[in-house]
Amino acid sequence: MPAKLISGTEIAKMIREELKQETERLKEKTGIVPGLVTILVGENPASVSYVTAKQKTSKELGFHSIQDSQPADIKEADLLKLIDKYNHDPSIHGILVQLPLPKHINETKVLYAIDPKKDVDGFHPVNVGKLMIGEADYLPCTPAGIQQLLIRTGVKTDGAEVVVVGRSNIVGKPIANILLQKQKGANATVTICHTGTKDMAFHTRRAEILIVAAGKPNAVTADMVKEGAVVIDVGVNRIGMTPEGKAKLCGDVDFEAVREKAAAITPVPGGVGPMTITMLMMNTVKAAKLAAGFQG
Ligand code: NAP
């Protein structure tokens, strides 16, 4: 029987509805409106479309949202000043700088300049460190979305064998860290594979939950998957254009073949993707509540 599809689109919709209601309640009870600024440098088309989607969602949820577009030749010092301005703006609870930045700007320096309390992307080293010791305020958005997909589809992580393919700082390492914490929705035994792994299939075949974030189509084929596994495909690969002129996408997993073997699988598109922006919104609501002295 083909695997059950885990719909990120549906789950994201459900969480957004919850966040909308939470935002209304917060506003009614305290007058606080979650505030999010998205800073875009230049006009990279992919970045423009990501930022537009983030702005659209934050407005739908009733946030105070600002789109701050800066020219591609902005000086690094001026960008740092801008971040400092938002760090001190009490109406802004979350600051998102859309990556990548132009080459003349040091990305690390910019990300480190964001007040960790407003770092709703979860990339500041303070937040990375807090995640490591199980004290996270903000989980990075894509890994947080993966954890929510597992929780909300009733996949048991407690004691599960989890294998993560990929060790990037934005997906592989943080999702491995999240799932190994001695916490609800985690407590798994986690293995991380990468290009230095000698026999990747040996590891992936043991996985009850297989999370693939390699950025390569067909990095995982059916022979590498355990019968009955839950497969989360994070990859987004552009493999051409549809007749309507839209980008044709695929994940990192050989979807059709793996679907025949797995118990559940995320599609691409419509799996992890829709969860990422939703988690940004969740972090912004949390930031607003923390700023007001509430416990998350
Ligand atoms: P990345 O920074 O390129 O990292 C890829 C990782 O996969 C690296 O650790 C690399 O190993 C490993 N890898 C690559 N090919 C491999 C192979 N054949 N076998 C084993 N390991 C392999 O990518 P990323 O930023 O984590 O993103 C991964 C994918 O997820 C991309 O397709 C990206 O577009 C997608 N993504 C989706 C979302 C979303 O919201 N849906 C968000 C973020 C990323 P080494 O470290 O040894 O090089």
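Everything numeric here is computed off the predicted structure, so don't read it as measured data.

**Student:** Give a description of the overall build of the protein chain that names residues and reports values.
**Tutor:** Counting its secondary structure elements, the protein chain contains ten helices and eleven strands. Summarising its shape, the C-alpha atoms of the protein chain cover approximately 55 × 40 × 35 Å along the three principal directions. Counting only residues that meet the buried cut, the protein chain has 47% of its 296 residues in that class. Just so you have it, the protein chain exposes about 14400 Å², and 56% of that area is on carbon and sulfur atoms. Distance between charge centres in the protein chain, computed from 36 positive and 32 negative side chains, equals 2 Å.

**Student:** So what's going on with the domain arrangement of the protein chain? Which residues, and what values?
**Tutor:** Domain boundaries assigned for the protein chain yield domain 1 (30–115) and domain 2 (141–273). On a C-alpha basis, the centres of domain 1 and domain 2 stand 29 Å from each other.

**Student:** Outline the side chain of Ser-47, supporting the account with residue identities and numerical values.
**Tutor:** Note that Ser-47 resides in helix H2 (residues 45–60). Apart from the residues within four sequence positions on either side, Ser-47 is in contact with Leu-40, Gln-98, Leu-99 and Pro-100.

**Student:** Give me the lowdown on the sheet that holds strand E6 (residues 189–193), citing residues and values where you can.
**Tutor:** Strands sit in the order E1-E11-E8-E7-E5-E6 across an open sheet of six strands; the sheet is parallel. One side of each edge strand has no neighbouring strand; the edge strands of this open sheet are strand E1 (4–5) and E6. For E1 and strand E11 (residues 264–265), the ladder comprises two bridges, and the chain directions are parallel. Bridging from a neighbouring strand, Lys-4 pairs with Ala-264 of E11.

**Student:** Please give an account of the nonpolar core that cites residues and values.
**Tutor:** In this structure, Ile-211 and Ile-232 are the most contacted members of the largest nonpolar core, which totals 42 residues. Of all elements in the fold, only helix H1 (8–30), helix H6 (141–152), strand E5 (161–165), helix H7 (172–180), strand E7 (209–212), strand E8 (230–233) and helix H10 (273–291) reach the threshold of two or more residues within this core. In terms of residues, this core owes the most to one element, H10, which gives seven residues. Per-domain counts for this core show at least three residues from each of domain 1 (30–115) and domain 2 (141–273). Setting aside chain neighbours within four positions, we find Ile-232 in contact with Ile-6, Ile-146, Leu-150, Leu-210, Ile-211, Val-212, Thr-266 and Val-272. Judged by nonpolar contacts, the second largest core, of 19 residues, contains Ala-3, Met-200, Ala-229 and Ala-262.

**Student:** I'd like a description of the site of the ligand, backed by residues and values.
**Tutor:** In the neighbourhood of the ligand, 19 residues make up the surrounding shell, with Arg-167, Ser-168, Thr-195, Val-236 and Thr-276 lying closest. Within the contact set of the ligand, an oxygen atom lies 3.0 Å away from a backbone nitrogen or oxygen of Val-236. Here Thr-276 contributes a side-chain N or O atom positioned 2.7 Å from an oxygen atom of the ligand. In the complex, the protein chains occlude 69% of the 920 Å² of accessible area that the ligand would expose alone. Split into classes, the residues belonging to the shell around the ligand amount to eight nonpolar, nine polar and two charged.

**Student:** Outline the sheet that holds strand E2 (residues 35–41), supporting the account with residue identities and numerical values.
**Tutor:** One open sheet accounts for three strands, arranged E3-E2-E4; its pairing is parallel. The sheet is open, and its two edges are formed by strand E3 (64–70) and strand E4 (94–97), each paired on a single side. Each strand of the sheet is rotated relative to its neighbour by a mean of 15 degrees, with strand direction disregarded. Contacting E2, E3 and E4, H2 runs over the sheet at an angle of about 165 degrees to E2.

**Student:** Give a description of the packing of H6 against H7 that names residues and reports values.
**Tutor:** Put simply, H6 and H7 touch, their axes get as near as 9 Å, and they point 45 degrees apart. With respect to H7, the axis of H6 lies oblique. Between H6 and H7 lies a crossing whose hand is right-handed. Of the residues in H7, those in contact with Pro-143, Ala-144, Ile-146, Gln-147 and Leu-150 of H6 are Pro-174, Ile-175, Ile-178 and Leu-179. Here the residues of the contact of H6 with H7 sort into eight nonpolar, one polar and no charged.

So, how was this worked out
- Residues numbered from 1 in each chain as written.
- Predicted model: local features only at pLDDT ≥ 70, side-chain atom pairs only at ≥ 80, totals over all residues.
- Heavy atoms only, no water.
- Helix = DSSP H or I, 4+ residues; strand = E, 2+ residues; numbered from the N terminus.
- Buried < 20%, exposed > 50% of the residue type's maximum accessible area, 1.4 Å probe, protein only.
- Areas by Shrake-Rupley, 256 points an atom, 1.4 Å probe, with all protein chains shown as cover.
- Lys, Arg positive; Asp, Glu negative; His and termini not counted.
- Charge placed at Lys NZ, Arg CZ, Asp CG, Glu CD.
- Domains from an automatic or database assignment.
- Contact = heavy atoms within 4.5 Å.
- Pairing = 2+ DSSP bridges.
- Core = buried A, V, L, I, M, F, W, Y, C linked by side-chain atoms within 4.5 Å.
- Near = heavy atom within 4 Å.
- Polar contact = N/O pair within 3.5 Å; in protein donor to acceptor, adjacent residues only side chain to side chain.
- Nonpolar A, V, L, I, M, F, W, Y, C, P; charged D, E, K, R; others polar.
- Axes fitted to C-alpha atoms, helices over the stretch in contact; angles between N-to-C directions.
- Parallel < 35°, antiparallel > 145°, perpendicular 65-115°, else oblique.
- Left-handed = near helix turned anticlockwise from the far one by under 90°.

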